[in-house]
Amino acid sequence: MEIKAIRGMNDILPEDVSKWRFVEETARRIFALYGFEELRTPILERTELFLRGIGDDTDVVEKQMYTFTDKGGESVSLRPEATASVLRAVIEHGLLTEDPIRKLYSLGPMFRYERPQKGRYRQFHQINAERLGEEGPFSDAETLQLAYVLATSLGLKNVTMEVNSLGCEDCRAQFKKALQEFLMKQADRLCPDCSRRMRTNPLRVLDCKAASCKEAVIGAPVIEDFLCSDCRDHYQQVLASLDAFGVPFRKNPNLVRGLDYYTRTTFEITAEGLGSQNAVAGGGRYDSLVKTLGGPETPGIGFAFGMERIIMLLGESIMPAYGCFIVAQGDEEVRRYAIGLLTELRSAGIAAESVPEKSFKAQMRRAGKSGYPLCAIIGEDELKDSMVTIKNLEDSSQVKIARADAREKIAALLKDRGENA
Ligand code: AMP
């Protein structure tokens, strides 16, 4: 019997890998501009880390975690998100003792046992950023701007940034109380999950996707009215700095996000073209999380982008493959001439391929399929005159150039093509 992949877990096939690499490389380039360093953690952690770090009354921990007992009898879980693992590593290796300000990013797979649908998988990948040791509004605004720049650099269209403040423990407690009182009166309109959450975690009701819950929270108290003066100042300065950074945003008082650890600033980025799962990134501040996980009291803020959703949005509009196909028509000597060019292009960092033993027609067909914008044709004439014919595979135009200039000319044509793409 044929064995298939587990539902909600996807293979990334060769034809899509260039998109993944583009996303990963863009992320790495942008993070470097902001002084972020890469950190890699295991995908398996002790279950307790996520119970403590994310909160046991969240959907992610309560319903979606892949948890099992290993052969040593320990409960372990596949990571459902990166922040708890990153902070565990930071604490374990004393990274904050070395430097009280750390800016870290990581890329990799996450696991959540959700109902798979378009844009929602059981294994998915995130680009994750964590910034530790700064509590001022500048660090919030700069982190949000970094997320915004990443979204636009990835070519996402109609990027919208929504922002909210969840206040600190003190002001949130007051808001929770007022919200709970309001929700009690709406209890019969709430979905079964929210009827329970209303008591344990009423903020979550605000971002429930059920239509009845969405209606029930119309007119609910708004957190901004409950912020203490410190949190209010912080929020206002974040918004002012976002303006200074030139990031367009919209305030959304119902943006509470799914994880328990957020304090003050939270945000979400949506982009055009995703349908119902339209959030491409989300994040926020978590000033007590490092302490909760056993580290020194350290403020922090972070975000995560879902890579599958970015890839879906990239569609076919990806940079052309940077390379040249070489077609050789002739005897052994022509082939040797072609091998010379193949080798020279590759050593200059230009991808090159050839199937010189096939018929001319088959070689041209393969060149067309290669995805490269150029093809170099070498036949008896070219060999005799020390020339190469360069064919532009997009508009079929051809030029004959001296073999001695071929590498430089091909590189220049590819560069122009890349810049105009
Ligand atoms: P979260 O960690 O839930 O805040 O999610 C951050 C981002 O990860 C979301 O905006 C999505 O782009 C992505 N994401 C979350 N869950 C999934 C999933 N099950 N499948 C695909 N992408 C996801």
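Everything that follows concerns the structure shown earlier in this document.
These lines cover the structure that appears in this document, whether it is placed above or below. (Residues numbered from 1 in each chain as written. Predicted model: local features only at pLDDT ≥ 70, side-chain atom pairs only at ≥ 80, totals over all residues. Heavy atoms only, no water.)

**Describing the pattern of salt bridges**
Side chains carrying opposite charge are able to pair once their charged atoms draw close together.
Move 1: A complete count under the given rule lists 29 salt bridges for this structure.
Move 2: Put simply, Glu-45 and Arg-88 hold a salt bridge, and the shortest N to O gap is 2.7 Å. Pair noted here: Glu-45 is in strand E2 (residues 44-46) and Arg-88 is in helix H4 (residues 83-92), with a separation of 43 residues, a long-range link.
Move 3: Between Glu-98 and Arg-102 there is a salt bridge; the shortest N-O distance is 3.3 Å. (Salt bridge = Lys/Arg side-chain N within 4 Å of Asp/Glu carboxyl O. Helix = DSSP H or I, 4+ residues; strand = E, 2+ residues; numbered from the N terminus.)

**Quick look at the site of the ligand**
Move 1: The ligand sits among 14 residues. The nearest are Arg-112, Glu-114, Tyr-121, Gln-126 and Arg-257.
Move 2: Between Tyr-121 and the ligand, the recorded distance is 2.9 Å, taken from a backbone N or O atom to a nitrogen atom.
Move 3: Residue Gly-306 places a main-chain N or O atom 3.3 Å away from an oxygen atom belonging to the ligand.
Move 4: About the coverage of the ligand: the protein hides 90% of its 480 Å² of free accessible area.
Move 5: Of all the secondary structure elements, the ones that give two or more residues to the shell around the ligand are strand E6 (123-132), strand E10 (279-285) and strand E11 (300-306).
Move 6: Element by element, the count of residues in the shell around the ligand is highest for E10, at three residues.
Move 7: A class-by-class count of the residues in the shell around the ligand yields six nonpolar, three polar and five charged. (Near = heavy atom within 4 Å. Polar contact = N/O pair within 3.5 Å; in protein donor to acceptor, adjacent residues only side chain to side chain. Areas by Shrake-Rupley, 256 points an atom, 1.4 Å probe, with all protein chains shown as cover. Nonpolar A, V, L, I, M, F, W, Y, C, P; charged D, E, K, R; others polar.)

**Thoughts on the packing of aromatic side chains**
Move 1: One pass over the full model with this rule turns up 10 aromatic pairs.
Move 2: Here Phe-267 and Phe-303 contribute two aromatic rings whose centre-to-centre distance is 6.3 Å and whose plane-to-plane angle is 75°, an arrangement assigned as edge-to-face. Here Phe-303 lies in strand E11 and Phe-267 lies in strand E9 (residues 263-270), a separation of 36 residues in the sequence. Each of the two residues, Phe-267 as well as Phe-303, counts as buried.
Move 3: Taken together, the ring pairs in this structure connect Phe-31, Phe-36, Tyr-105, Phe-267, Phe-303 and Phe-305 into an aromatic cluster.
Move 4: A cation over a ring is seen here: Arg-122 above Tyr-113, with NZ or CZ 3.9 Å from the ring centre. (Phe/Tyr/Trp six-rings, centres within 6.5 Å; stacked < 30°, edge-to-face > 60°. Buried < 20%, exposed > 50% of the residue type's maximum accessible area, 1.4 Å probe, protein only. Lys NZ or Arg CZ within 6 Å of the ring centre and 35° of its normal.)

**Digging into the sheet that holds E2**
Move 1: Judged by pairing direction, the sheet is antiparallel, and its three strands sit side by side in the order E2-E4-E3 without closing on themselves. Sheet topology places E2 and strand E3 (67-69) at the edges, where each strand pairs with a single neighbour. The sheet shows a mean angle of 35° between the axes of neighbouring strands, direction not considered.
Move 2: Note: E2 against strand E4 (residues 75-78), three bridges, orientation antiparallel. Counterpart to Arg-46 in the pairing with E4 is Val-76.
Move 3: With respect to the sheet, helix H2 (residues 47-54) is in contact with E2, E3 and E4, its orientation differing from that of E2 by roughly 75°. (Pairing = 2+ DSSP bridges. Axes fitted to C-alpha atoms, helices over the stretch in contact; angles between N-to-C directions. Contact = heavy atoms within 4.5 Å.)

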